[in-house]
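Residue-level listing of the chains:
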Amino acid sequence: MATQADAQELAALRALSASIGLNPHMTQAAGGNTSLKAGDTLWIKASGTWLKDALSDDIMVPVAMAPLLEAVDRRDPAADKPQAFAIEDLNRRGLRPSIETTVHALMPQRVVLHVHCVDTISLAVQADGEAEVATRLGGIEWAWVPYFRPGLPLARGIAERLRPGVNVLILGNHGLVVAAETVAEAQALLHRVRSLLARPARATAAPDIAAL
Ligand SMILES: [Zn+2]
């Protein structure tokens, strides 16, 4: 960690990550990942670790951001293997950064949350998902990214659709990304987007007691 402020923010992110990891509407198994940028270093959840363990285990791995983004920029397949960009001096457990590390590195904001949010995916799997989301996310700076395989293809898809100010990505057939300058703002934005995308459970018919 570069500064005490970064260390405090990383502690807040670990607490938020653990609560996201315990919510089955946002996290299934080892899916989803969170990150914090501290100077040129991206701290991101390691591959194979679970968000719910963020407070009890060391699940964050440091990655050198600039060379990774350069690899995305020149469409270098090296961007598909983010472990090559881990900062080994700070990575005593030998953790491997997620294949989705480039998703986090591309967002300019300091804190990024990526979740396989059920409310988002239920719209993002639909053929008209982009239009459906558009009717719900008025007032939010968001971008639609059609499905690409995680790694270099998804990174290129995001890079081509990011506009200045965008802090929400809807990933077609995949999930949600929110980004903010602080953990508290990212948490609030995640809550806001989920609320806007959530649909009420379909009403069920009243039972025919006599027939039962
Ligand atoms: Zn994902």
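Note that this is a predicted model, so its numbers are computed, not measured.

Asker: Now, about the coordination of the zinc ion: what can you tell me, with residues and values included?
Answerer: Every protein donor of the zinc ion is listed here as Glu-100 (OE), His-114 (NE2), His-116 (NE2) and His-174 (NE2), and their distances to the metal cover 2.0 to 2.1 Å. Every donor counted, the four donor atoms about the zinc ion form angles of 89 to 144 degrees at the centre, which fits irregular coordination. Here the donor residues for the zinc ion map to a single chain with the spacing E-x13-H-x1-H-x57-H. Of this pair, Glu-100 sits in the loop between α2 (65-73) and α3 (101-106) while His-174 sits in the loop between β6 (168-171) and β7 (175-180), and the two are 74 residues apart along the sequence. Across this residue pair, the class does not change: Glu-100 and His-174 are buried.

Asker: Lay out the environment of Arg-161 in plain terms, naming residues and giving numbers.
Answerer: Mapped onto the fold, Arg-161 is located in helix α6 (residues 152-161). Along the sequence, Arg-161 and Asn-23 sit 138 residues apart, while their C-alpha atoms lie 29 Å from each other. Those residues in contact with Arg-161 that lie beyond four places of it in its chain are Ala-143, Trp-144, Val-145, Pro-146 and Phe-148. Within the local environment of Arg-161, its side chain forms a polar contact with the backbone oxygen of Gly-157, the two atoms lying 2.9 Å apart.

Asker: Residue-level account of the pairing of β6, with values.
Answerer: Neither face of β6 is left uncovered, since the one carrying Val-168 and Ile-170 and the one carrying Leu-169 and Leu-171 both have all their residues buried. Pairing analysis gives four bridges linking strand β5 (residues 142-145) to β6, with the strands arranged parallel. For Trp-144, the partnering residue across the bridge sits in β6 and is Ile-170. Pairing geometry for β6 and β7, over four bridges, is antiparallel. Across the sheet, Ile-170 pairs through a bridge with Leu-176, a residue of β7. The antiparallel pairing of β6 with β7 creates a hairpin that spans three residues between the two strands, and Asn-173 there sits at a positive phi of about 60 degrees.

Asker: I'd love a proper account of the sheet that holds strand β1 (residues 33-38), names of residues and values included.
Answerer: Consider a sheet: its strands pair through backbone hydrogen bonds, and that pairing is either parallel or antiparallel. Read across the open sheet, the seven strands follow the order β3-β2-β1-β4-β7-β6-β5; overall the sheet is mixed. Each of the sheet's edge strands pairs with one partner strand only, and the pair in question is β3 (60-64) and β5. Adjacent strand axes in the sheet meet at a mean angle of 20 degrees when their direction is disregarded. Where strand β4 (residues 111-115) and β7 come together, five bridges link them in antiparallel fashion. Across the sheet, residue Leu-113 finds its bridge partner in β7, namely Val-178. Sheet contacts for helix α5 (residues 129-136): β5 and β6; angle to β5, the most-contacted strand, approximately 170 degrees.

Calculation criteria
Residues numbered from 1 in each chain as written. Predicted model: local features only at pLDDT ≥ 70, side-chain atom pairs only at ≥ 80, totals over all residues. Heavy atoms only, no water. Donors = N, O, S within 2.8 Å, 3.2 Å for Na, K, Ca; no water. Tetrahedral: all angles 85-135°; square planar, octahedral: opposite > 155°, others 65-115°. Helix = DSSP H or I, 4+ residues; strand = E, 2+ residues; numbered from the N terminus. Buried < 20%, exposed > 50% of the residue type's maximum accessible area, 1.4 Å probe, protein only. Contact = heavy atoms within 4.5 Å. Polar contact = N/O pair within 3.5 Å; in protein donor to acceptor, adjacent residues only side chain to side chain. Pairing = 2+ DSSP bridges. Axes fitted to C-alpha atoms, helices over the stretch in contact; angles between N-to-C directions.

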